[in-house]
Amino acid sequence: MTITSVITGWMQSVMQPAQAKLDGTPADVKHTIAYGGGGTFASKRVTADTTMQLSAAWASVRLNARTIASCGRKVYRRTSAMQREAAEDHPLHRVLAISPNPDQTPMEFWEGMVTALNLRGNAYARIGRRGDRQVVALWPLSPDAVSVYRDASGQRRYRIGGQEDVGADEIFHLRGFGAGGDLGLSPIGYGRQTIATALAAEEVAGSTFANGLQLSGFVEDQPGAKTTNEQREGLVALFNKFAGSSQAGKIMPLPPGFSFKALGLSPEDAQLLDTRRFAVEEICRWFGVFPILIGHAAQGQTMWGSGIEQIVLAWLTLGLGTELERIEQAIEKQLILSTEQGRLYVQHNVESLLRADSASRAALYSSLGQNGVMKRNEMRAKENLPPDASPGADMLTIQSNMIPLDQLGKTPPAATQPLDMSSMPKNQADVEAAYLYFRGEGPKPAWLAMHNAHHGSMT
């Protein structure tokens, strides 16, 4: 099954809704590829379990799952064009941020969903609703236990365990990258050749260490010398004592008349090492992870430095950013009632992932604020902070000493105003009072109110 056939089948399903099937393939095609089936050149069966036995696959899936799961999800309510508030009173907020179901934490639930998405291309959860249809629970389902089909009217439905049949409003379905059909494409299905080759290389390496003669060299008899059967049997017994990985690197004692010959790395062994090294990079491509992020440094690349920081930022932007957007849109479409869509929305808190770049973000806000591009409250909204009630927080500000280029040398400098010391903090207590005020934990100090009256809002 190729991408072309998937797209062609999906287009045909649009013309005939009743026959739409999964990722767009004909209804009579058994989806073995989607579940890890199909032949491989290396004659290795690729499944989710065998894939996760590869360290590169384990590390890639774990990195994606843990990182996305650790981003908190909140429901927000738009109160105006520029303002919003956390909708903590909404039942979906508790499901996303506190407890998706009685058995799991949000971290555990979303780790499982993202793991299924990475391996199968699809993740499912049973939706628990109360009488008014609001979502109150999400129960994870194994992708192997769920099948998707279209009924006679073209509506998407789900079979659970081959028995229970439910509508699309009862299943939360996360679809991964795909061609626009009812199913996301399976990474282990389409990447089975790469994964099978890596599994075969691991098997060869394991067999070599288990059964191979792991010595630093071998012994050679003198030219023309003849050995007896007893001597040969003794040599075989001696070889057996030095076979196995526990004896790797040791030197065999030489019987009289024998000389030592050192062993180098054979071309076959060197090719095996290169194959295993290249397999790490190939697997990372399938899971959308930079190899450096799972501890695999390419030749000439170090594990630390400014270049690595830029790689991390690129992964957060181009890799995780798109997956977070996918999850947010799925939640808003499937878990928020149609009457609330547009007014309620979901957003991940990625601040914890971007702390390393907070200095750059602060410098950007400073530049935008000082050049009259963005208001203080607009900056606070970007950071999910409540608006400041001070009048100056909703004003565009600019450096007062900036003048047009054609006025250089023509405009007299503004008279310097004497500093009103009554509007400045006098001691540590004044500073601490201002700190508590900005945190919303105390009243506005008198010196700060006077400063705002004389010099504009301090935010």
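Quick caveat: nothing in here was measured; it's all calculated off a predicted structure.

Criteria and cut-off values
- Residues numbered from 1 in each chain as written.
- Predicted model: local features only at pLDDT ≥ 70, side-chain atom pairs only at ≥ 80, totals over all residues.
- Heavy atoms only, no water.
- Helix = DSSP H or I, 4+ residues; strand = E, 2+ residues; numbered from the N terminus.
- Buried < 20%, exposed > 50% of the residue type's maximum accessible area, 1.4 Å probe, protein only.
- Contact = heavy atoms within 4.5 Å.
- Areas by Shrake-Rupley, 256 points an atom, 1.4 Å probe, with all protein chains shown as cover.
- Pairing = 2+ DSSP bridges.
- Axes fitted to C-alpha atoms, helices over the stretch in contact; angles between N-to-C directions.
- Parallel < 35°, antiparallel > 145°, perpendicular 65-115°, else oblique.
- Left-handed = near helix turned anticlockwise from the far one by under 90°.
- Nonpolar A, V, L, I, M, F, W, Y, C, P; charged D, E, K, R; others polar.
- Salt bridge = Lys/Arg side-chain N within 4 Å of Asp/Glu carboxyl O.
- pLDDT = per-residue confidence, 0-100.
- Core = buried A, V, L, I, M, F, W, Y, C linked by side-chain atoms within 4.5 Å.
- Phe/Tyr/Trp six-rings, centres within 6.5 Å; stacked < 30°, edge-to-face > 60°.
- Lys NZ or Arg CZ within 6 Å of the ring centre and 35° of its normal.

**Student:** So what's going on with the overall build of the chain? Residues and values would help.
**Tutor:** Each helix and strand in the chain was counted, giving 14 helices and eleven strands. Out of the 459 residues in the chain, the part that is buried amounts to 36%. Summarising the internal contacts of the chain: among those between residues at least 6 apart in sequence, 62% fall at separations of at least 24. Total accessible area on the chain stands at roughly 26,600 Å², and carbon and sulfur atoms take up 56% of it.

**Student:** Before we move on, can you summarise the sheet that holds strand 11 (residues 344-349) with the specific residues and values?
**Tutor:** Strand order in the open sheet formed by three strands is 2-1-11, and the pairing between neighbours is antiparallel. Edge positions in the open sheet fall to strand 2 (84-86) and strand 11, since each of these has one partner strand only. Going across the sheet, the axis of each strand differs from the next one's by a mean of 40°, ignoring polarity.

**Student:** For unusual backbone geometry, give the residues involved together with the corresponding values.
**Tutor:** The phi dihedral of Ser43 falls on the positive side, at around 60°, and the residue is not glycine. On the secondary structure map, Ser43 appears in the loop between helix 1 (3-15) and helix 2 (48-51).

**Student:** Got a sec to walk through the packing of helix 3 (residues 55-70) against helix 5 (residues 106-120)? Specific residues and values, please.
**Tutor:** For any two helices packed against each other, one specifies the inter-axial angle together with the distance between the axes. Direction vectors running N to C along helix 3 and helix 5 enclose 140°, while the axes themselves pass 8 Å from each other. It follows from the interaxial angle that helix 3 and helix 5 lie oblique. Between helix 3 and helix 5 the crossing geometry is right-handed. In contact with Ser60, Val61, Asn64, Ala65, Arg66, Ile68, Ala69 and Ser70 of helix 3, helix 5 contributes Met107, Trp110, Glu111, Val114, Thr115, Asn118 and Leu119. Residues that form the contact of helix 3 with helix 5 fall into these classes: eight nonpolar, five polar and two charged.

**Student:** Please give an account of the side chain of His348 that cites residues and values.
**Tutor:** Here His348 lies in strand 11. We classify His348 as buried; its relative accessible area is 5%. Apart from residues lying up to four places away in sequence, His348 is in contact with Cys71, Gly72, Arg73, Leu324, Ile327 and Glu328.

**Student:** Can you break down the pattern of salt bridges residue by residue, with the values?
**Tutor:** Under the defined criterion, the tally for this structure stands at 14 salt bridges. Notably, a salt bridge pairs Arg77 with Asp89, separated by 3.1 Å at the nearest N-O pair. With Arg77 in strand 1 (residues 72-78) and Asp89 in the loop between strand 2 and helix 4 (91-97), this pair connects stretches of sequence that are twelve residues apart. Judged by its relative accessible area of 16%, Arg77 falls in the buried class. Relative accessible area serves as the criterion here: at 62%, Asp89 is assigned to the exposed category. One connected set of salt bridges, linked through shared partners, spans Arg77, Glu85 and Asp89.

**Student:** Let's hear about the sheet that holds strand 3 (residues 122-129): which residues, and what values?
**Tutor:** Reading across from one edge, 4-3-8 is the order of the three strands in this open sheet, with antiparallel pairing throughout. Looking at strand neighbours, the two that pair on one side only are strand 4 (135-141) and strand 8 (171-175), the edges of this open sheet. The mean angle between the axes of side-by-side strands here comes to 30°, regardless of whether they run parallel or antiparallel. Direction of pairing for strand 3 relative to strand 8: antiparallel, over a ladder of five bridges. Bridging across to strand 8, Asn122 finds its partner in Arg175.

**Student:** If you had to explain the environment of Leu141 to someone new, which residues and values would you point to?
**Tutor:** Within the fold, Leu141 resides in strand 4. Residue classification places Leu141 among the partly exposed positions, given a relative accessible area of 23%. Dropping the residues within four chain positions of it, Leu141 is found in contact with Tyr124, Ala125, Arg126, Val146, Ile160 and Ile171.

**Student:** So what about the confidence of the model for the chain? Which residues, and what values?
**Tutor:** Taken as a whole, the chain shows an average pLDDT of 78; of its residues, 68% reach a score of 70 or greater. Note on residues 5-37: pLDDT is under 50 here. Beyond four places in sequence and across chains, it has 55 contacts.

**Student:** Please set out the nonpolar core residue by residue, giving values where relevant.
**Tutor:** Ranked by internal contacts, the top residues of the largest apolar core, which has 35 residues, are Leu92, Trp110, Leu138, Phe172, Leu174 and Ile331. Mapped by element, the contributors of at least two residues to this core are helix 3, helix 4, helix 5, strand 3, strand 4, strand 8, helix 10 (306-334) and strand 11. Val46, Ile188, Ala196 and Ala198 belong to the second largest nonpolar core, which has 17 residues in total.

**Student:** Give a description of the side chain of Thr51 that names residues and reports values.
**Tutor:** By the secondary structure assignment, Thr51 is in helix 2. Other than its neighbours up to four places away in sequence, Thr51 contacts Val46, Ala57, Leu119, Ile188, Ile195 and Phe287.

**Student:** Residue-level account of the packing of aromatic side chains, with values.
**Tutor:** This model, assessed by the stated rule, comprises four aromatic pairs. Seen in terms of ring centroids, Phe109 and Trp110 are 5.1 Å apart; in terms of plane orientation they differ by 90°. Their pairing is edge-to-face. A network of ring pairs unites the aromatic residues Phe109, Trp110 and Phe172 as a single cluster. One residue, Arg84, lies across the ring of Tyr76, its end atom 4.1 Å from the ring centre. A cation over an aromatic ring shows up here: Arg159 above the ring of Tyr149, its NZ or CZ 4.0 Å from the ring centre.

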